[in-house]
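What follows is each chain in one-letter form.
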Amino acid sequence: METLDSRFFERSRGREERVALTLGEQQLTWSEWVQASRRISAHLRSRGWQGDNLGILLPNAPSFAVAFFGILHSGNTVVPVNYLLQPEEIQTIVRHSGMKALLTGEPFTEQAHQLARRSPEPLEIVEVSSLLASPAGDFGGAPSHSADAPAIILYTSGTTGDPKGVVLSHHNILSNCEAYSQVFDFNDRDHFVCVLPLFHTFAITTNLLATAYAGSTLHLLPRFHPRHVYELLQAVPSGIFVAVPSMFNVMAKLPGEDRLERVRIVVSGGAAMPREVQKAFEARFGLELLEGYGLTEASPVVCSNAPGRNRPGTIGRPLPGVEVQVWDEEDRVLPPGQPGELVTRGPNVMRGYYKNPEATAEAITPEGWLRTGDMAVLNEEGCVRIVGRKKDLII
């Protein structure tokens, strides 16, 4: 079976000189992305790391994409670090994950060295830009790893008390990329515009890995400036823009009347989409805004509206190969129209929480159903509407 890195290398063939990654004026071709990732992989293997957890503390930049596939290709597991967390919260992630190294660069280099000095266990700091600027060594052969091997550990909350690290395998994420790409028919002519932070599962799957899966181009923005996003979407052909409702709300208020006629797909997730925001964005730019839904434990996409089959007010239907049901308090399946907890099952569901079998057993039933904690209603068309959180429900 394929792994994320084998899919990445396979997709690079035949498009070596095409632009793969951009950040402002900086560009990397597919060949440069592959070669840089191989260099990272060779260095990590030379340090003796295999089957270990290695962190990434980097901004939205090509260096993140290079480090990501370098770690995977070396047979190790990626632990993206949320740089918006407090230092003590990041320290907890470093300690709980047992990461052996942290791949970093500006503007986080000094913060990474501080983490290493405070870590009770050895934590090696790998400065990606310095490594790539050094003379290339022998790439050698990469260790083999299976599709069931852990690819990423994503910490969903932070980390005071009992942290939860979601372990996703290569197969988990590849299945989600395949199903997600099938819904939107992504191809190598698409241009993804990414302002979502790459340390988050939403950006990793729907931007970075969707690009690698389809052989597309990924345009990175370090932070959200609505005018910059708008100008980039005006400039690229066949634009794909995935963001959160608050971003669409701000963009809908941009002055002017110019439409985004080159944009092909716009998707919202990460939070419930207010209908008034959806209407305002669609009216301003002449685009269909599609709402989806997911959670880190599901790699993350579970449901989405699809082009031409949009059902506003819902999160659409489950992705191909993904099952959803609505359950009552006794885990009985409820018929359409009755609210209950949304549960999901499929190849995208996580392996479990890292070093936390109790929490894993609470989240996933013996039959493989993941309890989302979200209250939902299923309609006769098979579309899902989220109505709240289970823990917020007062009976």
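Computed from a predicted model, the values in this text were never measured in an experiment.

What counts, and where the lines are drawn
Residues numbered from 1 in each chain as written. Predicted model: local features only at pLDDT ≥ 70, side-chain atom pairs only at ≥ 80, totals over all residues. Heavy atoms only, no water. Phe/Tyr/Trp six-rings, centres within 6.5 Å; stacked < 30°, edge-to-face > 60°. Buried < 20%, exposed > 50% of the residue type's maximum accessible area, 1.4 Å probe, protein only. Lys NZ or Arg CZ within 6 Å of the ring centre and 35° of its normal. Helix = DSSP H or I, 4+ residues; strand = E, 2+ residues; numbered from the N terminus. Contact = heavy atoms within 4.5 Å. Pairing = 2+ DSSP bridges. Axes fitted to C-alpha atoms, helices over the stretch in contact; angles between N-to-C directions. Arc of directions from axis to C-beta. Salt bridge = Lys/Arg side-chain N within 4 Å of Asp/Glu carboxyl O.

Would you mind showing me how to read the packing of aromatic side chains here?
Aromatic rings considered in pairs are described by the distance between their centres and by the relative angle of their planes. Applying the stated criterion across every chain yields a total of 19 aromatic pairs. With a centroid separation of 5.0 Å and 65° between ring planes, the pair formed by Phe186 and Phe192 is classed as edge-to-face. Judged on exposure class, the residue Phe186 and its partner Phe192 are both buried. Taken together, the ring pairs connect Phe8, Phe9, Trp30, Trp33, Phe64, Phe68 and Phe69 into an aromatic cluster. Directly above the aromatic system of Phe9 lies the positively charged group of Arg38, at a separation of 4.2 Å from the ring centroid. A cation over a ring is seen here: Lys164 above Tyr353, with NZ or CZ 5.1 Å from the ring centre.

What is the right way to look at the side chain of Thr296 in this model?
Mapped onto the elements of the fold, Thr296 is located in the loop between β13 (289-294) and β14 (301-304). Each residue touching Thr296, except ones within four places of it in the same chain, is listed here: Leu154, Thr156, Val166, Leu168 and Thr201.

What am I meant to see in the sheet that holds strand β16 (residues 323-327) here?
In any sheet, the strands associate via hydrogen bonds between backbone groups, in a parallel or an antiparallel arrangement. With respect to topology, 4 strands assemble into an open sheet ordered β16-β17-β19-β20, the strand pairing being antiparallel. Only two strands of the sheet have a single neighbouring strand rather than two, namely β16 and β20 (384-389). If you compare each strand with its neighbour and ignore which way they point, the axes differ by 50° on average.

How should helix α9 (residues 226-235) be read in this particular structure?
The periodicity of an α-helix, 3.6 residues per turn, causes residues three or four places apart in sequence to face the same way. Burial in α9 covers these residues: Val229, Tyr230 and Leu233. The buried side chains of α9 occupy one side of the element, clustering within an arc of 100° when seen end-on.

Explanation requested: the pattern of salt bridges in the structure shown.
Pairing between side chains of opposite charge can happen when their charged atoms approach one another. Within the structure shown, the criterion is met by 14 salt bridges. One salt bridge connects Arg18 with Asp188, and the closest N-O pair in it is separated by 3.4 Å. A residue pair is termed long-range when its members are at least 10 positions apart, and Arg18 in the loop between α1 (4-12) and β1 (19-23) and Asp188 in the loop between α7 (170-184) and β9 (191-194) qualify at 170 residues. For Asp188, a relative accessible area of 21% corresponds to the partly exposed category. Residues Asp374 and Arg389 are paired through a salt bridge, measuring 3.0 Å at the closest nitrogen-oxygen approach. Of this pair, Asp374 sits in strand β19 (residues 370-378) while Arg389 sits in strand β20, and the two are 15 residues apart along the sequence. A relative accessible area of 33% places Arg389 in the partly exposed class. The structure contains a network of salt bridges with shared partners spanning Arg15, Arg18 and Asp188.

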